[in-house]
Protein chains: 2
Amino acid sequence: MKNKVNMEFHNINSLKFQTMNAMDLFFNPGKVAIIGASRNPKSLAYQTFKSMIESGFEGAFFPVNPKADYVLGYKSYKSVLEIEDEIDLAVITVPAKIVPFVLEECGKKEIKAAVIITAGFKEVGGEGVFLEKKVREIGKNWGIRIIGPNCLGIINTSPQKRLNTFFATPLPERGKVAFVSQSGAICVSFLDHAREKGIGFSKIMSIGNKVDIDEVDALKYFKDDPETEIILIYLEGLAKGEEFLEAAKEATKKKPVFVLKVGRTPEGARAVSSHTGSMAGIDEIYEALFKKSGILRVYELAEMADKALVFISQPLPKGNRVAIITNAGGTGVIATDECVKRELSLAKITPETEKKLREKVPPYASLANPFDLIGDADAERYDWVMEHLLKDKNVDAVVSMMVPQKMIDMEEVAKRMAKYAKNGKKPLIPAFLGERSVLKPIEILKKEKVPFYTFPENAINAVAGLYQYMILKKFRKDEKEPLFKVKTEKVKKIIEKAEKSRDGFISLKDAFLILEYYGFNLIKWEFAEEETDLKDRCKKTGFPLVMKVVAPEVVHKMDVGGVVLNVRSEKDAIIEFQKMKNRFETGFKGVILQKMGKPAKELIVGARRIKGFPPLIVFGLGGIYVEVIKDVSFGLAPLAPSEAEEMIKSTKGYNLLKGVRGEKGVNINRVKDVILRASQLVTEIPEIEELDLNPVFAYMNKTVIVDARIKVFQN
Amino acid sequence: MKNKVNMEFHNINSLKFQTMNAMDLFFNPGKVAIIGASRNPKSLAYQTFKSMIESGFEGAFFPVNPKADYVLGYKSYKSVLEIEDEIDLAVITVPAKIVPFVLEECGKKEIKAAVIITAGFKEVGGEGVFLEKKVREIGKNWGIRIIGPNCLGIINTSPQKRLNTFFATPLPERGKVAFVSQSGAICVSFLDHAREKGIGFSKIMSIGNKVDIDEVDALKYFKDDPETEIILIYLEGLAKGEEFLEAAKEATKKKPVFVLKVGRTPEGARAVSSHTGSMAGIDEIYEALFKKSGILRVYELAEMADKALVFISQPLPKGNRVAIITNAGGTGVIATDECVKRELSLAKITPETEKKLREKVPPYASLANPFDLIGDADAERYDWVMEHLLKDKNVDAVVSMMVPQKMIDMEEVAKRMAKYAKNGKKPLIPAFLGERSVLKPIEILKKEKVPFYTFPENAINAVAGLYQYMILKKFRKDEKEPLFKVKTEKVKKIIEKAEKSRDGFISLKDAFLILEYYGFNLIKWEFAEEETDLKDRCKKTGFPLVMKVVAPEVVHKMDVGGVVLNVRSEKDAIIEFQKMKNRFETGFKGVILQKMGKPAKELIVGARRIKGFPPLIVFGLGGIYVEVIKDVSFGLAPLAPSEAEEMIKSTKGYNLLKGVRGEKGVNINRVKDVILRASQLVTEIPEIEELDLNPVFAYMNKTVIVDARIKVFQN
């Protein structure tokens, strides 16, 4: 530990002489200009400066305030340009309107990093939007990296730095957790909860409107930060989904990353946009994004704290078999229910362990997991049971709970729990189920820096977090997506030349051609532009056949009489051709003829691209499954084969595809092939906004695309 | 208030002279014998007695201990029989083996109520089971009502009583909440949480093994207890489901009843049975039971405390339109997501209110709900916004949240929140989102006896609880179940005489007859016992027809060649008849002939009775819906028409029944009729353990039962 600190110190000293990482400019500055430092104690500017001073910053401050000679005892400057020293970081708290002016001055002073605390930009709309744009431009022009505006800035708890721009917030306890938050208020609220839990932080960033530095920068930096072992992110919305995915993939390989993404519901997403002006996007994309990148999603602030807490000191379990210790049956039941809910299982101990346990456990105490040691269980009994459960080869983790018992020395029990929760090879999670009655044992656990919980559910959910991350790491494949041999250039040309509807849809014929160039297996089809083509084309497809109008403006063919089923002769085909031509007049470009498909399992495969994000791929069983019960699954392109398989398996209808009640199943590999080709198509052709293969007919030996729609971006 | 207390006092004095309610014996005794009162401070018996003394009991104690002359300063008796005074209540803490003996003495002493704290009965198995049976018998013989054994007993916080048998637990704060718990440990843990929340209690019962007094007695008593306004129950399992349902129905009409039922999962249920020896039963029955009785189910101890807290002081809202106030956008988003999850909606305020709000809210603060008053919002701004939101006709409830702001006088904000949370006509829910930073404002809210929360989710969930109870009360119909004119006696006779399979199944023919007596519409069927019957019977049903074997032992006909589809002639029928007769040999009793049904929507309607509970009715769409996606709904018989309708509507497949994609729907009223008749059948014929109508064919104008199974209880 000593060594580490010395090394760090060395690094900081040498930093000034090498090219600094942009983020290091923020977290490890030597000289800081406080622009807007105020003498009015009621002002945010004053409070920000005061926080920085009180945190014991190991560096030099240069307050800038044109109206004062001294601020809080420091010599003040009229402008950054008056400061003779080189400045590493500017912390800006002047009113929004003046920000562009002082930032310009920072540029002239060759300052390379600025934290803009000031609010009143994009989030207030109107002129704020314009001001924010200006700030971004000035930053780019001068090469200034910016955190904010509309944020609380940064915290570095390193004893060699002690940097804290959060106004009215004491420097948090030193620890291994890095926290990144789009909202400053959530930061403050979370720090307060974390303090009660004994969670310490390495570094904290409140990034506000993210005019420059954002979660992507944070992930890249914290991934390699030796002082950070756990990364927490509070997220409202992302602009750069693709870059986030790449950064997160790398980070989660090295450290657990937890994200609390709010704005999950449409209403919540609206609330996000009205308060920060950023788009929350649809939740399915985020869900798929987190999954693909190995991020552990949490749903509440309290849950984020609970999960972080256990990762600080506990090892990952090898499996999901949990032993539950309690001194009261009811709490064991609650913990058991929660285990099942969280996909953990109850460990079945060996007969040897059971025999061992019995030596110090009364005969009437239950030694079926949960292990109910009965109300009079004391430290010695707890110790014995923890020791032997941890030794059992069938146990991957132990949750050791105690209901307050005034007649028992609970502090001694807490010490024994701490003993096993430290230096353990398996996770041991202590829980004292109460409030005031358990303050003292909890104080001990906190002091010993081991996790503690006050409800059975939270203790179990913490184990679930460990298990989930273990699985992520273990089964991480980093599989390459397959690259089918396709004709990308030809597709690009079709899209370029294609006639598009007002909404951006291309014709059915163009869509079919694109699919063929990408190697999809289409139902046998022919195109007839003129009535005279029919004879020849009908022969090629064979009867009975389906006729579909080709008319770019007609997207929902079925609804407007653009589809005729079960055409049984050339004569009928001609009649229908004429009818369609009349019906659609100038929009009519011909008809597609298709052989009628044999009854099959109907599937849909689709894709949708939101700019800035990888395309979202959708899979589902067709017909009622999609329309009535919304049984669909999602993934992000480009998909690896295992991801495509996972998408298929995670639909409820999967059982049906495998075959039930004596019905034969379909060829799952062929289905996977359709999903993977769709993924490759939308990845390689970013012009496609929406792809809809619906229905896809799946059989025992093949899949066939029956109908399709492709929509391209307009402009 | 004064008056109420005086009245209560009067009641107690007069109680001794009237026939006392059994529960009053427990909660309002005058003279209490403490049997087993010990002088050893480490013993549970000593601690129990000490608790009782320290709580300041307003009555007289009579310790019983054959080995001591004095216990804790009280004169001690060798046996209850030595006491000259009449004793109202015995509190028993002697070892399990001696309990029957002292209970017998209580009988002789004519004591009518006993709390047995002692553990070591049914929950430990073996001799404990026998001891518990003995205790029950002695109680019955002597007419002694018993709470316990294996419990903590009772608490009555009334200043006129101050009764507390919970060892090592101080008397809780006085309040309006009654709490009943099967587990003593959960009681203690919950009391600890409740104390932090400022929740006060009227009475508490830890009922342990429930040898006599149980949740049913508790519900009946607390329903009419003027000191109780909210009832909380921690439940592991019920033996008397039917009685519980009736008692709960009555109680929920008058007061909100919250139940935390653990052992929800099969594993959890097993844990219940290993720790109390009681059966948890399947969770679907409990879910249906709670729904039918108007009970509000909660899933965590913390949630129970959160919900109880809001009911103590807040009125019910008129609707679900919530206004969210915050001083930080992010928390507003979290609250919004939670609103949607809890089926609340975001209130849309009137333009007049918006105008009014703007008078004191800065122009850049968002006045779209959630109302983000911005970081510098002080008490005055909060006050103004709360006042006008509460006045708005489009607002049903207000959640007023604050993220810690050291520069703001948070205590003053708390006072304003308390002002509106008291005496309000609409609920106002305060929340300070933090821990140590918000201790002072929270202290104020606690002192003012208004609810408070520290996470947005919990505050919203509290409103959801109020709204849910309002809906329950408002839409409570107490509708009578319909009584179809049926032939119950004839059915009873069939069941009595029916030949049953080893598993208790009756033959298909008997099942069909029973259904006909209950007015179900069966597909046209005939029974042919002999080959010679075929000609005539085939004519009656018509071709093509289905033949099904009648053989009591054959339950899964289909799997063993007991069903032949699509029989097209008399000749074929004869051949198949002969084949079946040979196949089933002596088990063969004949065949059922049915006209093949036309394609239809397939439904299933079923029922299952677990002894002690009302029958559970199951409804679902047939085939893949049931088998693949488990799309079924549940209700408890006897069902009211609205309940049957609710069951149909709550399946995902309901859309399909209504008709989608141009397909015609089915007659929902006819489906309802099937469910209601099934409900009446299993209600009136308690001999039926399982009823399975599968498939039921549903058409536009009718429903037809195609196949059925009936299983009856075996002894």
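Residues numbered from 1 in each chain as written. Chains lettered and ligands numbered in written order. Predicted model: local features only at pLDDT ≥ 70, side-chain atom pairs only at ≥ 80, totals over all residues.

**Considerations on the overall build of chain A**
Line of reasoning, step 1. Within chain A, the regular secondary structure consists of 25 helices and 29 strands.
Line of reasoning, step 2. By its C-alpha atoms, chain A is 95 × 80 × 40 Å across when sized along the principal axes.
Line of reasoning, step 3. For chain A, buried positions account for 54% of its 715 residues.
Line of reasoning, step 4. For chain A, the share of sequence-separated contacts (at least 6 apart) that also reach a separation of at least 24 residues comes to 71%. (Helix = DSSP H or I, 4+ residues; strand = E, 2+ residues; numbered from the N terminus. Buried ≥ 20, exposed ≤ 12 C-beta atoms within 10 Å, placed from the backbone. Contact = placed C-beta atoms within 7 Å.)

**Quick word on the sheet that holds strand 11 (residues 201–206) of chain B**
Sheet strands pair by backbone hydrogen bonding; their relative direction is either parallel or antiparallel.
Residue and element names in this part refer to chain B.
Line of reasoning, step 1. Across the sheet, seven strands lie side by side as 9-8-11-10-12-13-14; this open sheet has mixed pairing. Single-partner strands in this sheet number two, and they are strand 9 (163–164) and strand 14 (296–298).
Line of reasoning, step 2. Each of strand 10 (174–181), strand 11 and strand 12 (230–235) touches helix 6 (residues 184–197); the most contacted strand, strand 10, lies at about 155° to it.
Line of reasoning, step 3. In the packing of helix 7 (residues 215–224) onto the sheet, contacts are made with strand 10, strand 11 and strand 12, and the angle to strand 12 comes to roughly 175°. (Pairing = 2+ DSSP bridges. Axes fitted to C-alpha atoms, helices over the stretch in contact; angles between N-to-C directions.)

**Structural notes on helix 21 (residues 570–584) of chain B**
All names here are of chain B.
Line of reasoning, step 1. Counted at 1.5 Å a residue, the expected span for helix 21 with its 15 residues is 21 Å, and the 21 Å between its end C-alpha atoms agrees.
Line of reasoning, step 2. By the burial criterion, the buried members of helix 21 are Ala573, Phe577 and Met580. The buried residues of helix 21 all sit within an arc of 70° when viewed along its axis, so they share a single face. Opposite its buried face, helix 21 presents the exposed residues Lys571, Gln578 and Asn582, each directed more than 90 degrees away.
Line of reasoning, step 3. Where the residues of helix 21 are buried, they touch helix 20 (534–541), strand 21 (545–549), strand 22 (563–567) and strand 23 (591–595). (Expected span 1.5 Å × (residues − 1). Arc of directions from axis to C-beta.)

**Quick notes on the pairing of strand 13 (residues 257–261) of chain A**
Residues and elements named next belong to chain A.
Line of reasoning, step 1. Across the five residues that make up strand 13, a large majority, five, are buried.
Line of reasoning, step 2. Because side chains alternate across strand 13, one face comprises the buried residues Val257, Val259 and Lys261, and the other comprises Phe258 and Leu260, equally buried.
Line of reasoning, step 3. Of the strand pairs in this sheet, strand 12 (residues 230–235) and strand 13 are connected by five bridges, and their pairing is parallel. Across the sheet, residue Ile233 finds its bridge partner in strand 13, namely Val259.
Line of reasoning, step 4. Once you follow strand 12 into helix 8 (residues 241–254) and on to strand 13, the crossover reads as right-handed.
Line of reasoning, step 5. When strand 13 meets strand 14 (residues 296–298), the two strands line up parallel, connected through three bridges. Within strand 14, the residue paired with Phe258 across the bridge is Leu296. (Right-handed = clockwise from strand over helix to strand, strands pointing away.)

**Let's talk about helix 4 (residues 99–108) of chain A**
Residues and elements named next belong to chain A.
Line of reasoning, step 1. When helix 4 is considered as a whole, its buried residues turn out to be Val99, Val102, Leu103, Glu105 and Cys106. Take helix 4 and look down its axis: the buried residues cluster within an arc of 155°, on one side only. Of the residues in helix 4, the exposed ones pointing more than 90 degrees away from the buried face are Phe101 and Lys108.
Line of reasoning, step 2. Tucked inside the fold, the buried residues of helix 4 contact strand 1 (31–35), strand 5 (89–92), strand 6 (113–116) and helix 5 (127–142).
Line of reasoning, step 3. In the stretch just after helix 4, Glu110 is the one whose phi turns positive, near 65°.

**A closer look at the interface of chain B and chain A**
Line of reasoning, step 1. Taken together, the 69 residues of chain B in the interface contact 69 residues of chain A.
Line of reasoning, step 2. Contributing elements (two or more residues each) for the side of chain B that touches chain A: helix 6, helix 9 (266–276), helix 11 (301–313), helix 12 (329–341), helix 22 (624–627) and helix 24 (654–658) of chain B.
Line of reasoning, step 3. At 10 residues, the largest contribution of residues to the side of chain B that touches chain A is made by helix 12 of chain B.
Line of reasoning, step 4. Broken down by class, the residue content of the side of chain B that touches chain A amounts to 30 nonpolar, 22 polar and 17 charged. (Nonpolar A, V, L, I, M, F, W, Y, C, P; charged D, E, K, R; others polar.)

**Overview of the sheet that holds strand 20 (residues 525–528) of chain B**
Residues and elements named next belong to chain B.
Line of reasoning, step 1. If you walk across this open sheet you meet the four strands as 20-23-21-22, and the pairing is antiparallel. Edge positions in the sheet fall to strand 20 and strand 22, since each of these pairs with one other strand and no more. Recorded for the sheet is a direction-independent mean angle of 20° between the axes of neighbouring strands.

**Thoughts on the domain arrangement of chain A**
Line of reasoning, step 1. With domains assigned, chain A is organised as domain 1 (19–154), domain 2 (172–313), domain 3 (316–474), domain 4 (478–523 + 597–715) and domain 5 (525–595).
Line of reasoning, step 2. When each unit is reduced to the centre of its C-alpha atoms, the spacing between domain 2 of chain A and domain 5 of chain A is 54 Å. (Domains from an automatic or database assignment.)

**Comments concerning the pairing of strand 19 (residues 428–432) of chain A**
Residues and elements named next belong to chain A.
Line of reasoning, step 1. Within strand 19, five of the five residues are buried, leaving the element largely enclosed by the surrounding structure.
Line of reasoning, step 2. The alternating pattern of strand 19 places Leu428, Pro430 and Phe432 on one face and Ile429 and Ala431 on the opposite face, and all of these are buried.
Line of reasoning, step 3. Bridge analysis of strand 18 (residues 397–402) against strand 19 gives five bridges, and the strand direction is parallel. Within strand 19, the position partnered with Ser400 by the bridge is Pro430.

**Remarks on the relation of the copies chain B and chain A**
Line of reasoning, step 1. Here chain B sits on chain A after a turn of 180° about the axis and a move of 0.0 Å along it, with an RMSD of 0.1 Å. Viewed as a symmetry operation, the transformation between the two copies matches a two-fold axis.
Line of reasoning, step 2. Here 100% of the interface residues in chain B have copies in chain A that are interface residues too; the copies meet face to matching face. (Least-squares fit on C-alpha atoms with pLDDT ≥ 70 in both.)

**Details of unusual backbone geometry**
Line of reasoning, step 1. The amide bond that connects Asn694(A) to the next residue, Pro695(A), takes the cis arrangement and shows omega of 5°.
Line of reasoning, step 2. By the secondary structure assignment, Pro695(A) is in strand 27 (residues 688–698).
Line of reasoning, step 3. The residue after Phe543(B), namely Pro544(B), is reached through a cis peptide bond having omega -10°.
Line of reasoning, step 4. Along the polypeptide, Pro544(B) turns up in the loop between helix 20 and strand 21.
Line of reasoning, step 5. In this structure, Asn566(B) is a non-glycine residue whose phi angle is positive, near 60°.
Line of reasoning, step 6. One can find Asn566(B) in strand 22.
Line of reasoning, step 7. By the C-beta count within 10 Å, which is 11 here, Asn566(B) ends up exposed.

**Looking at the environment of Val211(A)**
Line of reasoning, step 1. Residue placement: Val211(A) occurs in the loop between strand 11 (201–206) and helix 7 (215–224).
Line of reasoning, step 2. Residues within four places of Val211(A) in sequence aside, it is in contact with Glu132(A), Val135(A), Arg136(A), Gly139(A), Ile146(A), Gly148(A) and Pro149(A).

**Here's the deal with the packing of helix 20 of chain B against helix 21 of chain B**
All names here are of chain B.
Line of reasoning, step 1. Where helix 20 contacts helix 21, the axes come no closer than 10 Å and their chain directions differ by 125°. Regarding the angle of helix 20 to helix 21, the classification is oblique. Judged by the sense of rotation from one axis to the other, the crossing of helix 20 with helix 21 is right-handed. Within the contact between the two elements, helix 20 uses Leu534, Lys535 and Cys538 and helix 21 uses Glu570, Ala573, Ile574 and Phe577.
Line of reasoning, step 2. Partitioned by chemical class, the residues of the contact of helix 20 with helix 21 number five nonpolar, no polar and two charged. (Parallel < 35°, antiparallel > 145°, perpendicular 65-115°, else oblique. Left-handed = near helix turned anticlockwise from the far one by under 90°.)

**Comments concerning the environment of Lys589(A)**
Residues and elements named next belong to chain A.
Line of reasoning, step 1. Secondary-structure assignment places Lys589 in the loop between helix 21 (570–584) and strand 23 (591–595).
Line of reasoning, step 2. A residue is classified by how many C-beta atoms lie within 10 Å of it, and Lys589, with 17 of them, is partly exposed.
Line of reasoning, step 3. As a C-alpha pair, Lys589 and Ser507 span 82 residues in sequence and 9.2 Å in three-dimensional space.
Line of reasoning, step 4. Setting aside residues up to four positions removed in sequence, Lys589 forms contacts with Ser507, Val550 and Ala551.

**A short note on the nonpolar core**
Across soluble globular proteins, you tend to see nonpolar side chains buried next to one another.
Line of reasoning, step 1. Val399(A) and Val399(B) are the most contacted members of the largest nonpolar core, which has 470 residues in total.
Line of reasoning, step 2. When residues no more than four places from it in sequence are discounted, the contact partners of Val399(A) are Val322(A), Ile324(A), Ile325(A), Ala335(A), Ile429(A), Ala431(A), Ala459(A), Ile460(A) and Val463(A). (Core = buried A, V, L, I, M, F, W, Y, C linked by C-beta atoms within 7 Å.)

**Comments concerning the confidence of the model for chain A**
Residue and element names in this part refer to chain A.
Line of reasoning, step 1. Here chain A averages 90 in pLDDT, while 94% of its residues score no lower than 70.
Line of reasoning, step 2. Counted against residues more than four places away or in other chains, residues 1–19, with its pLDDT under 50, gives nine contacts.
Line of reasoning, step 3. Our summary of model confidence lists the complex with pTM equal to 0.88 and ipTM equal to 0.84. (pLDDT = per-residue confidence, 0-100.)

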